[in-house]
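One-letter residues, chain by chain:
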Protein chains: 2
Amino acid sequence: MNYDRQQLLSEIVQPAQTKIVLLVMDGIGDIPKNGETPLQKANTPNFDKLAKDSDLGQTIPVLHGVTPGSGPGHLALFGYDPVKYQIGRGILEALGSNVDVEEKDIVARANFATVKNGIIVDRRAGRPSTEESGKVVQKLSSLIKEIDGVKITFYPGKEHRFVVKLTAEGLDDKITDADPQKEGKPILLTQPLTAEAKKTSEIVNKLMNQIADVLKDEERMNFALIRGFSKYPKLPQFPEVYKLKAAAIATYPMYRGIAKLVGMDVIETGSTIQEEMQTLKSVWGSYDFFYFHVKKTDSYGEDGDFDSKVHVIEEVDSVLPEIISLNPDVLAITGDHSTPAALKSHSWHPVPFMLWSKYTRKGLSKAFDEYECAKGTLGTFYAVDAMSIILAHALRLEKYGA
Amino acid sequence: MNYDRQQLLSEIVQPAQTKIVLLVMDGIGDIPKNGETPLQKANTPNFDKLAKDSDLGQTIPVLHGVTPGSGPGHLALFGYDPVKYQIGRGILEALGSNVDVEEKDIVARANFATVKNGIIVDRRAGRPSTEESGKVVQKLSSLIKEIDGVKITFYPGKEHRFVVKLTAEGLDDKITDADPQKEGKPILLTQPLTAEAKKTSEIVNKLMNQIADVLKDEERMNFALIRGFSKYPKLPQFPEVYKLKAAAIATYPMYRGIAKLVGMDVIETGSTIQEEMQTLKSVWGSYDFFYFHVKKTDSYGEDGDFDSKVHVIEEVDSVLPEIISLNPDVLAITGDHSTPAALKSHSWHPVPFMLWSKYTRKGLSKAFDEYECAKGTLGTFYAVDAMSIILAHALRLEKYGA
């Protein structure tokens, strides 16, 4: 369709008192091992009971056959065309790490790396502990503060990762990664992609040299790879587009970052599913949309650990009654993409989607898994359409046209 | 997808002798009550028999989750992108009431209303009889004929409703409704939405004053609310786009209006389903596409009258053999949207679709209801794609590309 879904929705969205939970089990979709997917193998009495009263379907996150990163996968679920809105991973990492980003700033993700004779021998510098790398970030912070009038700020991250922020007027993020992406390759400086980005590119390359100089006596963390340069992207905001006051409950920086970008309040939470559940309860009265993110279904998929993925699904199943006891008007359960354990990576497979509300058509499904979803009442649809289906069941959309 | 479906179709449409019936049961889709939808509950031996030889699917009228008005719902079924073509209700009402509308005209819907001390106390003036209100329309017609060179014409409608037409060069329909939409509110004049519409807005406001003056001694019908100002929209025409000579059999002005807009001949008919059936027979030899509209499935849905909706479905089922005995090449049975009795309104739920022809794949379905359609051979598709599926089964589309 040749038009902006969010534009159309914003014209028919109406305020309501209804409450919506969007439970995202990251990478939930899978392919079978010994004839069963993790969703089938898991013992999930609560999902199965819910399925009988729900509408099921399967989503295509970006395009059929296209494997999405977490950014596009989530943006689509939130109703943002993931091809129109392309978000740099730098900004997601920065926002999720509570780095304040202003409009003029450029942020980027950085790795400590080990370099020998100008060749990158370890892209993660032997995976230092977060404590070790934090000290080196402090060293950088104390010795590099400004280059040619551009303020430089470093933020520590997990293990080998950190974030770099450049602050000045007139910076441009259209520059290439200062990272050859592979070990055994020589150091790579950044290059401008447009004439306007020339100055920024020069500053970053000077920064690379200064970092190398500061770190030259470090044994392993003697260099840094910097990539994903990005400015703060302007996205339509949940309160404006959907008239929703939205809370995000997520434990990983990346997902907290995406939620912040779309105008959700990111709630502090503990990292287990039970702790996330307690966080949901604690803010239930203050919001009308709750994005509840479970990371470990994806992590175990990426590890190829089929059995642990099954156990995480069972853990989520066990908190489902607590969510339902909060009495949401709509409960949507899905993933941002599939992460089949056999592939040890994200994949293009359609993603299971289940929606429960008073107004579902229901009647067709007996369990929540890939196959029941493939033949569910909602059919196969683009993930970008999930929000309008959710809003409709929350009675938050007026009729379109006379 | 970023292309014009109708443009593509018009390039591959070929003439044929085949005959097509599009039977629209308005608002047919529903959600279950005591475990059954009206389509499931109804005793429909003829639908069920047809289903075994048909391809079933479910349509999305506008976008997933979006509840369509009757205009967008029908335009989509006729193959017109309902977001690209947004039609004012004024023009639909006017066309359906046999008002001749030229390119320079502006038409609007009007209600007689009761006003006290500048406050609207009854938006329908106590629902006068059609005869009563017709007399008042006559009074307006005899006393208001022209304002500042703009010709004013009034057309009587049902009960409190009538239609106003403004005729002059240079009129513009971008003006707000002269109707606060709610009782207990003060009279509202129209305002221009663009600079070009200023003159039209002034004329309409003068008209409002003159109407108030003419009606000041009426007991109940002492004012008029005017809304839905619209020009005649130019839509691609059925004979050109589809090479179809099309007849519309519909009893309500709205649907007759839409049919006229897309280039169908609107046939005079009685208002029962049996009378519509007789009308179909009487024009069978003269056309190759027949739009057959059944209103009452929607009306009873809007009333929340589940059982009466069931009975209307059974009544349609009973005329099905007569349609089939005419030997159509394609018989498509669907709705323009869902109207669940439990919601008493149009809804966003996918709409059952069944297509019978010699060339269906069939073999999957045993009855015509929401669930059989959800898992049918055609899957879930946008209603705007229905026409190409219909044309294909009527062997009216050439191969695309070499």
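Computed from a predicted model, the values in this text were never measured in an experiment. (Residues numbered from 1 in each chain as written. Chains lettered and ligands numbered in written order. Predicted model: local features only at pLDDT ≥ 70, side-chain atom pairs only at ≥ 80, totals over all residues. Heavy atoms only, no water.)

Looking at the overall build of chain A
Part 1 of the reasoning: Along its length, chain A carries 14 helices and 14 strands.
Part 2 of the reasoning: Here the C-alpha radius of gyration of chain A, 22 Å, is about what a compact globule of 402 residues would show, namely 21 Å.
Part 3 of the reasoning: Dimensions along the principal axes, computed over C-alpha positions, put chain A at roughly 65 × 50 × 40 Å.
Part 4 of the reasoning: A burial count over chain A gives 58% of its 402 residues as buried.
Part 5 of the reasoning: Taking contacts inside chain A between residues at least 6 apart in sequence as the whole, the part at least 24 apart equals 74%.
Part 6 of the reasoning: Of the roughly 16100 Å² of accessible surface on chain A, 48% is carried by carbon and sulfur atoms.
Part 7 of the reasoning: Taken as two groups, the 48 positive and 54 negative side-chain charges of chain A have centres that lie 1 Å from each other. (Helix = DSSP H or I, 4+ residues; strand = E, 2+ residues; numbered from the N terminus. Rg over C-alpha atoms; globule rule 2.2 N^0.38 Å. Buried < 20%, exposed > 50% of the residue type's maximum accessible area, 1.4 Å probe, protein only. Contact = heavy atoms within 4.5 Å. Areas by Shrake-Rupley, 256 points an atom, 1.4 Å probe, with all protein chains shown as cover. Lys, Arg positive; Asp, Glu negative; His and termini not counted. Charge placed at Lys NZ, Arg CZ, Asp CG, Glu CD.)

Some thoughts on the pattern of salt bridges
Part 1 of the reasoning: Under the definition given, this model contains 40 salt bridges over all chains.
Part 2 of the reasoning: Across the pair Lys165 of chain A and Asp105 of chain A runs a salt bridge, and its minimum N-O distance is 3.8 Å. Of this pair, Lys165 of chain A sits in strand β7 (residues 161–167) while Asp105 of chain A sits in the loop between α5 (89–96) and β3 (106–116); the two residues are 60 residues apart in sequence, bridging distant segments of the chain. A single burial state applies to Lys165 of chain A and to Asp105 of chain A, both of which are buried.
Part 3 of the reasoning: As a salt-bridge pair, Glu159 of chain B and Arg127 of chain B come within 3.1 Å of each other at their nearest N and O atoms. Of this pair, Glu159 of chain B sits in the loop between β6 (150–156) and β7 (161–167) while Arg127 of chain B is found in the loop between β4 (119–122) and α6 (130–143), placing the two residues 32 residues apart along the sequence.
Part 4 of the reasoning: Note on Glu159 of chain B: relative accessible area 30%, which makes it partly exposed.
Part 5 of the reasoning: Owing to a relative accessible area of 49%, Arg127 of chain B belongs among the partly exposed residues under this scheme.
Part 6 of the reasoning: Bridged by salt links that share partners, the residues Arg123, Asp179 and Arg227 of chain A form one connected network. (Salt bridge = Lys/Arg side-chain N within 4 Å of Asp/Glu carboxyl O.)

Notes on the UniProt feature "domain: Metalloenzyme" (unreviewed entry) in chain A
Part 1 of the reasoning: In the numbering used here, UniProt assigns the "domain: Metalloenzyme" (unreviewed entry) feature to residues 19–391 of chain A.
Part 2 of the reasoning: End C-alpha atoms of residues 19–391 of chain A are separated by 10 Å, and the span's content is 33% helix alongside 21% strand. (UniProt positions renumbered as here; feature names shortened; annotations may be inferred.)

Some words on the sheet that holds strand β14 (residues 379–382) of chain B
Residues and elements named next belong to chain B.
Part 1 of the reasoning: Here eight strands make up an open sheet; going across it, the order is β10-β9-β11-β1-β12-β13-β2-β14 and the pairing mixed. The strands lining the two open edges of the sheet, one partner per strand, are β10 (265–266) and β14.
Part 2 of the reasoning: In this sheet, strand β13 (residues 351–357) lies alongside strand β2 (residues 54–60) in antiparallel orientation, the contact comprising six bridges. Across the sheet, the residue bridging to Gln58 is Pro352, located in β13. (Pairing = 2+ DSSP bridges.)

Re helix α1 (residues 5–12) of chain A
Part 1 of the reasoning: What α1 of chain A keeps buried is the set Arg5, Gln6, Leu8, Leu9 and Ile12 of chain A. Taken around the axis of α1 of chain A, the buried residues stretch over an arc of 160°, which confines them to a single face.
Part 2 of the reasoning: In this structure, the buried side of α1 of chain A is in contact with α8 (238–241) and α14 (386–393) of chain A together with β14 of chain B.
Part 3 of the reasoning: Here α1 of chain A starts with a cap whose side-chain oxygen sits 2.9 Å from the backbone nitrogen of Gln6 of chain A, and that cap is Asp4 of chain A. (Arc of directions from axis to C-beta. Polar contact = N/O pair within 3.5 Å; in protein donor to acceptor, adjacent residues only side chain to side chain.)

What about unusual backbone geometry?
All names here are of chain B.
Part 1 of the reasoning: Of note in this structure, Lys243 is not a glycine but carries a positive phi near 55°.
Part 2 of the reasoning: Examined against the element boundaries, Lys243 turns out to sit in the loop between α8 (238–241) and β9 (246–249).
Part 3 of the reasoning: The partly exposed category is assigned to Lys243, whose relative accessible area is 38%.
Part 4 of the reasoning: In this model, Lys362 sits at a positive phi of 40°, which is unusual for a non-glycine residue.
Part 5 of the reasoning: Looking at where Lys362 falls in the secondary structure, it is placed in the loop between β13 and α13 (370–374).
Part 6 of the reasoning: Taking the relative accessible area as the measure of exposure, Lys362 reaches 30% and is therefore partly exposed.

Digging into the relation of the copies chain A and chain B
Part 1 of the reasoning: If you rotate chain A by 126° and push it 0.1 Å along the axis, it lands on chain B with an RMSD of 0.4 Å.
Part 2 of the reasoning: An overlap of only 16% is found between the interface residues of chain A and their copies at the interface of chain B, pointing to separate contact surfaces. (Least-squares fit on C-alpha atoms with pLDDT ≥ 70 in both.)

Remarks on the domain arrangement of chain A
Reports often express the size of an interface as the amount of accessible area lost when the parts come together.
Residue and element names in this part refer to chain A.
Part 1 of the reasoning: In terms of domain boundaries, chain A breaks down into domain 1 (5–87 + 234–393) and domain 2 (93–230).
Part 2 of the reasoning: A C-alpha centroid distance of 34 Å is found between domain 1 and domain 2.
Part 3 of the reasoning: At the interface, seven residues of domain 1 touch six residues of domain 2.
Part 4 of the reasoning: Between domain 1 and domain 2 lies a buried interface of about 600 Å² when both sides are counted; carbon and sulfur atoms form 55% of it.
Part 5 of the reasoning: The largest contributions to the domain 1 side of the interface with domain 2 come from Lys234, Pro253 and Lys260, which together make up 56% of the buried area.
Part 6 of the reasoning: When the shortest N-O distance is used, the salt bridge between Glu103 and Lys234 registers 3.6 Å.
Part 7 of the reasoning: Linking domain 1 with domain 2 are zero residue pairs in polar contact (both at pLDDT 80 or more), by the criterion used here.
Part 8 of the reasoning: Of the residues belonging to the side of domain 1 that touches domain 2, the class tally is two nonpolar, one polar and four charged. (Domains from an automatic or database assignment. Buried area = accessible area lost by both parts, 1.4 Å probe. Nonpolar A, V, L, I, M, F, W, Y, C, P; charged D, E, K, R; others polar.)

Things to note about the sheet that holds strand β1 (residues 20–25) of chain A
Strand-to-strand pairing in sheets goes through backbone hydrogen bonds, with the strands running parallel or antiparallel.
All names here are of chain A.
Part 1 of the reasoning: Reading across the sheet, the eight strands line up as β10-β9-β11-β1-β12-β13-β2-β14 and stay open at both edges, with mixed pairing between neighbours. Edge positions in the sheet fall to β10 (265–266) and β14 (379–382), since each has one partner strand and no second.
Part 2 of the reasoning: Along the sheet, helix α12 (residues 306–325) contacts β1, β11 (289–294) and β12 (330–334); its crossing angle with β1, the most-contacted strand, is approximately 175°. (Axes fitted to C-alpha atoms, helices over the stretch in contact; angles between N-to-C directions.)

So, the interface of chain A and chain B
Part 1 of the reasoning: Contacts between the two partners involve 31 residues from chain A and, on the opposite side, 39 residues from chain B.
Part 2 of the reasoning: Contact between chain A and chain B buries roughly 2900 Å² in total, counting both sides, with carbon and sulfur atoms accounting for 61%.
Part 3 of the reasoning: For the interface between chain A and chain B, the tally reads zero salt bridges.
Part 4 of the reasoning: Linking chain A with chain B are 13 residue pairs in polar contact (both at pLDDT 80 or more).
Part 5 of the reasoning: Only α1, β14 and α14 of chain A provide two or more residues apiece to the side of chain A that touches chain B.

Comments concerning the packing of aromatic side chains
Residues and elements named next belong to chain A.
Part 1 of the reasoning: By the definition in use, this model includes 23 aromatic pairs over all chains.
Part 2 of the reasoning: Among the aromatic residues, those joined into a ring-pair cluster are Phe78, Phe238, Tyr242, Phe289 and Tyr291.
Part 3 of the reasoning: For the cation-ring pair, Lys19 lies above Trp284, with the distance from its terminal atom to the ring centre recorded as 5.5 Å.
Part 4 of the reasoning: Looking at Lys295, its charged tip hangs above the ring of Tyr252, at a distance of 5.4 Å from the centre. (Phe/Tyr/Trp six-rings, centres within 6.5 Å; stacked < 30°, edge-to-face > 60°. Lys NZ or Arg CZ within 6 Å of the ring centre and 35° of its normal.)

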